[in-house]
Amino acid sequence: MSARKCLIGAALTANLLAAATLSLGTSTTTSGSTATLNVSYATQGDQFTGVQFDLDYDTVAFTLTATAGSTALAAGKDVSVSTDKKRVLVVGLNSNILTDGTLVVLNFLAKDTTSPGDYPIAFRSAMGTDARGTTKPISMLGGNIQVIAGVKPVVVPGGVRNNFTNEAQISSSAFTIVYGSNFGGVGRSWTGADFVNNQLPTALDGISATINGRSAYVVYVGANQINLLSPEDPATGSVDVQVRTPGGLSDAVKVAKTSYAPGVATYSAEGLTYVTATRADGSITGKSNFSSPGYRFRPAVPGETVTFWGSGFGPANPPIPPGQILGTIYPLDGTVRVSIGGVSANVTFAGYVSPGLVQINCVVPNTTSGLQPVSISVNGSAVPLSMVMPIN
């Protein structure tokens, strides 16, 4: 046989043996967190319009979800997983050919009980189908997930606090602070990029929390502090708060949850707690000699309208859409009362203007000049602070 015929035969043999390939890489995670593995697809000349493969992995240690990768999306294909979480289908009602790239994104959630160690992920019975309905085996290269021991977050006893009053009492749709350690946050607040489809984020940088078993909305994450917006939940009494990070799940800490836990913005000066009331011109009620970069202060004047800002004033009527950016204002269901210098103020508006944030407008009553006490309550539950406001 001539050398030329040998080369042709070798090329033909190589083409016959060549097959599309599915391959996985490796990933590292901790118990209670998710490992992501991309299913890489190489066509090797095959023109498949659909792919099917089975997975062999520890179903006791992991829970699997799958989404379409860039290659499947570009071809207009859908990805589905069988009820036993073993078989993955990449199909679509079209004859578009799948090209090289990421075919499927596999998300393996390591359960809280998953022990540290290596967990192989293997393909089984991978097949491709072309536009004529002809099937052909696909070569397979598996991967591995390494579960490592994480640093478990800790919520300190009594560390769940009302954001505005620092009391160990919270309510629904209210800003809440959680103190502890090993949270692993970098010190950032939510940004516009964290809101997807007008939904509030329930995690930032892999850090999340639950209040009474319901996901809270994460406002800020730091190394030892997390700021939350508590979820809507009619339950009251002693409830559990837990924090989850890539290092694991914290032990539950109890906190008192009530229907109302009102608090308003304040600032400290001269050893007193001044209520932060704003005006239409942007200034803040306070003594004229107070100074802070970017702010102007002056005493309140009877007859003018001032605005308080707070949280924990209970439900709205109509109810707020849970977990969404608000497109309009939502008046409070409860009755808000304001007293300045012992005289009742006319409350002209009280309601939610953004998630968790309550705005209260009132007219300053005729009262004695000087430093006067301020009390604010909703349905009989008062802000538990001794607040003052200067009157001119």
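Residues numbered from 1 in each chain as written. Predicted model: local features only at pLDDT ≥ 70, side-chain atom pairs only at ≥ 80, totals over all residues. Heavy atoms only, no water.

Draft legend 1. Layout of the confidence of the model for the protein chain. Averaged over every residue, the pLDDT of the protein chain is 93; residues scoring 70 or more account for 95%. Scored below 50 in pLDDT, residues 1–17 shows 1 contact in the model against residues more than four places distant or in partner chains. (pLDDT = per-residue confidence, 0-100. Contact = heavy atoms within 4.5 Å.)

Draft legend 2. Representation of the packing of aromatic side chains in the model. Taken as a whole and judged by the stated rule, the model has 10 aromatic pairs. Judged by centre distance (5.3 Å) and plane angle (75°), the ring pair of Tyr57 and Phe108 falls under edge-to-face. Here Phe108 lies in strand β8 (residues 101–110) and Tyr57 lies in the loop between β4 (48–56) and β5 (62–68), a separation of 51 residues in the sequence. The residues Tyr57 and Phe108 share a single accessibility class, namely buried. In this structure an aromatic cluster arises from ring pairing among Tyr57, Phe62, Phe108 and Tyr119. Above the face of the Tyr57 ring, Lys86 is positioned so that its terminal group lies 5.2 Å from the ring centre. (Phe/Tyr/Trp six-rings, centres within 6.5 Å; stacked < 30°, edge-to-face > 60°. Helix = DSSP H or I, 4+ residues; strand = E, 2+ residues; numbered from the N terminus. Buried < 20%, exposed > 50% of the residue type's maximum accessible area, 1.4 Å probe, protein only. Lys NZ or Arg CZ within 6 Å of the ring centre and 35° of its normal.)

Draft legend 3. Layout of the pattern of salt bridges. Per the counting criterion, the structure on display carries 13 salt bridges. Here Arg87 makes a salt bridge to Asp54, at a shortest N to O gap of 2.6 Å. Within this pair, whereas Arg87 is found in strand β7 (residues 87–91), its partner Asp54 is found in strand β4, the two being separated by 33 residues in sequence. On the accessibility criterion, Asp54 (15% relative accessible area) is buried. (Salt bridge = Lys/Arg side-chain N within 4 Å of Asp/Glu carboxyl O.)

Draft legend 4. Inspection of the pairing of strand β9 (residues 117–130) at higher detail. Both β4 and β9 contribute to a ladder of 7 bridges, which runs antiparallel. Bridge assignment links Asp56 to a residue of β9, and that residue is Ala122. As defined by bridge partners, β9 adjoins strand β12 (residues 143–148) across 5 bridges and the pair is classed as antiparallel. Paired with Ile121 across the bridge in β12 is Gly143. (Pairing = 2+ DSSP bridges.)

Draft legend 5. Expanded view of the nonpolar core. Within the largest apolar cluster, 33 residues are counted, with the highest numbers of intra-cluster contacts made by Leu22, Phe53, Leu55 and Phe108. Sorting the residues of this core by element identifies β3 (34–42), β4, β5, β7, β8, β9 and β12 as the ones contributing at least two each. By residue number, the principal contributor to this core is β8, which donates 5 residues. Contacts of Leu55, omitting those with residues within four sequence positions, involve Leu64, Lys86, Val88, Leu106, Phe108, Ile121, Ala122 and Phe123. In this structure, Val275, Leu332, Val364 and Val374 belong to the second largest nonpolar core, which totals 30 residues. (Core = buried A, V, L, I, M, F, W, Y, C linked by side-chain atoms within 4.5 Å.)

Draft legend 6. Spatial organisation of the side chain of Thr30. With respect to the element layout, Thr30 can be found in strand β2 (residues 26–30). With relative accessibility at 8%, the residue Thr30 sits in the buried group. Discounting residues that sit within four places of it in the chain, Thr30 has contacts with Ala110, Val147, Ile148, Ala149, Gly150, Pro246, Gly247 and Gly248.

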